[in-house]
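What the coordinates show
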Amino acid sequence: MESFPVVNMENVNGEKRATTLDIIKDACENWGFFELMNHGISPELMDKVEKLTKDHYKQCMEQRFKELVASKGLGEVETEIEDMDWESTFFLRHLPESNMSEIPDLNEDYRKTMKEFVEKLEKLAEELLDLLCENLGLEKGYLKKAFYGSRGPTFGTKVSNYPPCPRPELVKGLRAHTDAGGLILLFQDDQVSGLQLLKDGEWIDVPPMRHSIVINLGDQLEVITNGKYKSVLHRVLAQTDGNRMSIASFYNPGSDAVIYPEPALVEKEAEEKNQVYPKFVFEDYMKLYAGVKFQAKEPRFEAMKAVEHTVISTPIATA
Ligand SMILES: [Fe+2]
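Residues numbered from 1 in each chain as written. Predicted model: local features only at pLDDT ≥ 70, side-chain atom pairs only at ≥ 80, totals over all residues.

Here's the deal with the overall build of the protein chain
Assigned secondary structure in the protein chain consists of eight helices and 13 strands. On C-alpha atoms alone, the protein chain measures out to a radius of gyration of 20 Å, which is about the 20 Å that the 2.2 N^0.38 rule sets for 319 residues. Taken over the C-alpha atoms alone, the protein chain extends approximately 60 × 50 × 45 Å along its principal axes. For the protein chain, contacts bridging at least 24 residues in sequence account for 79% of all contacts bridging at least 6. (Helix = DSSP H or I, 4+ residues; strand = E, 2+ residues; numbered from the N terminus. Rg over C-alpha atoms; globule rule 2.2 N^0.38 Å. Contact = placed C-beta atoms within 7 Å.)

As for the UniProt feature "coiled-coil region" (unreviewed entry) in the protein chain
Under the local residue numbering, the UniProt record ascribes the feature "coiled-coil region" (unreviewed entry) to residues 107-134. Spanning residues 107-134, this segment combines 96% helix with 0% strand, and its end C-alpha atoms are found 41 Å apart. (UniProt positions renumbered as here; feature names shortened; annotations may be inferred.)

Quick word on the nonpolar core
Grouped together as the largest cluster of nonpolar side chains are 68 residues, with contacts concentrated most on F33, A125, L128, L183, L185 and I215. Looking at this core element by element, the count peaks at twelve residues for helix α3 (residues 108-136). Here F33 is in contact with A27, L197, V206, V214, I215, N216 and V232, once residues within four sequence places are set aside. (Core = buried A, V, L, I, M, F, W, Y, C linked by C-beta atoms within 7 Å. Buried ≥ 20, exposed ≤ 12 C-beta atoms within 10 Å, placed from the backbone.)

Side note on the sheet that holds strand β7 (residues 195-199)
In space, the four strands of this open sheet follow the order β5-β10-β7-β8, with antiparallel pairing throughout. Because the sheet does not close on itself, it has two edges, and the strands there are β5 (172-177) and β8 (202-205). Along the sheet, successive strands turn relative to each other by an average axial angle of 30°, direction set aside. Note that β5 and strand β10 (residues 234-237) share three bridges and pair antiparallel. Note that in β10 the partner of K172 across the bridge is L237. (Pairing = 2+ DSSP bridges. Axes fitted to C-alpha atoms, helices over the stretch in contact; angles between N-to-C directions.)

Quick notes on the packing of helix α2 (residues 43-72) against α3
Where α2 contacts α3, the two axes come as close as 10 Å, and the packing angle between them is 140°. The orientation of α2 relative to α3 falls into the category oblique. Regarding α2 and α3, the two cross each other, and that crossing is left-handed. Across the interface between the two elements, L45, K48, V49, L52 and H56 of α2 pack against D109, Y110, T113, M114, E116 and F117 of α3. (Parallel < 35°, antiparallel > 145°, perpendicular 65-115°, else oblique. Left-handed = near helix turned anticlockwise from the far one by under 90°.)

Examining α2
At M61, α2 is deflected by roughly 55°, the largest bend along its length. Just beyond α2, the residue with positive phi is G73, at close to 65°. (Bend = angle between axes of the 7 residues up to and from the residue.)

Observations concerning the environment of K305
With respect to the helices and strands, K305 occurs in helix α8 (residues 298-313). The exposure class of K305 is partly exposed, given the 16 C-beta atoms found within 10 Å. Spatially, the C-alpha atom of K305 lies 30 Å from that of W203, the residues being 102 residues apart in sequence.

A closer look at helix α1 (residues 17-30)
Between its first and last C-alpha, α1 extends 20 Å over 14 residues, near the 20 Å set by a 1.5 Å rise per residue. When α1 is considered as a whole, its buried residues turn out to be I24, A27 and C28. Projected down its long axis, α1 shows its buried positions confined to an angular sector of 100°, all on one face. Exposed positions of α1 whose direction lies more than 90 degrees from the buried face are A18, T19 and D22. Looking at the buried positions of α1, the neighbouring elements they touch are β1 (6-8), β2 (33-37), α3 and β9 (213-217). The first or second residue beyond α1 is G32, which carries a positive phi of 75°. (Expected span 1.5 Å × (residues − 1). Arc of directions from axis to C-beta.)

The following block contains the structure:
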């Protein structure tokens, strides 16, 4: 079996540039995921983010999670739980404006460290989008512009911990889904695994690698590339031992950005077979996604197509 795609970002600007871009291209077309090494974010900063996130979990989140488990009786279930995940999370928003000062329980050091970390991730996301443009034959900056809307991209972070679980066969850490947005940058625990993606009908581990950043593509990149690039199903398995940390940052379109397949990427054949992805406002997609996150993505695209056609077929007032 082919091995999970790993990209050494140091090679992007050296003599191995072409091979490196090929690994990224293959990953975008066939895996929906790849893992970055030497991405320019320092190991010291990542270690600090990890330590502060784990401290924060112990101090502010763990007790809350235990109480939730007790109140829902999750520890004693005998049948599979299909409407909940075994995870403890909180969200940070950075763009278009930060909400970090409003999040309770974040100390000054944690806030500052996260700010520094996500600013670096934002740059990395934009650098990657340009590498995708290059691989797609699009002009530099095309994807950044496609995501821009009137106020720039939406950028946020979901900080999660997956505590040890007594019955991992009955509950998922996070149920299978594809991500709705653009590009996702994940700093995952290097000790406790659990993240898996679906490839050719099989669940494959996303290997924990120290100081790496895992990248995956969301539904919007599938739409813009008219299916050339794939948003892939993934899930997190709960584990009996160890607490898995996961810091996922989402570089997404602005809420009013209009998303549609880039015309040069729509092949004639796709057009003839009516396999062109829909055009929509990103916010409308997110409203739909909120209720159907854990269902297949294809019906979402179909639903957006249906709406698109309603809009187009509405009679235009001529008087
Ligand atoms: Fe996800």
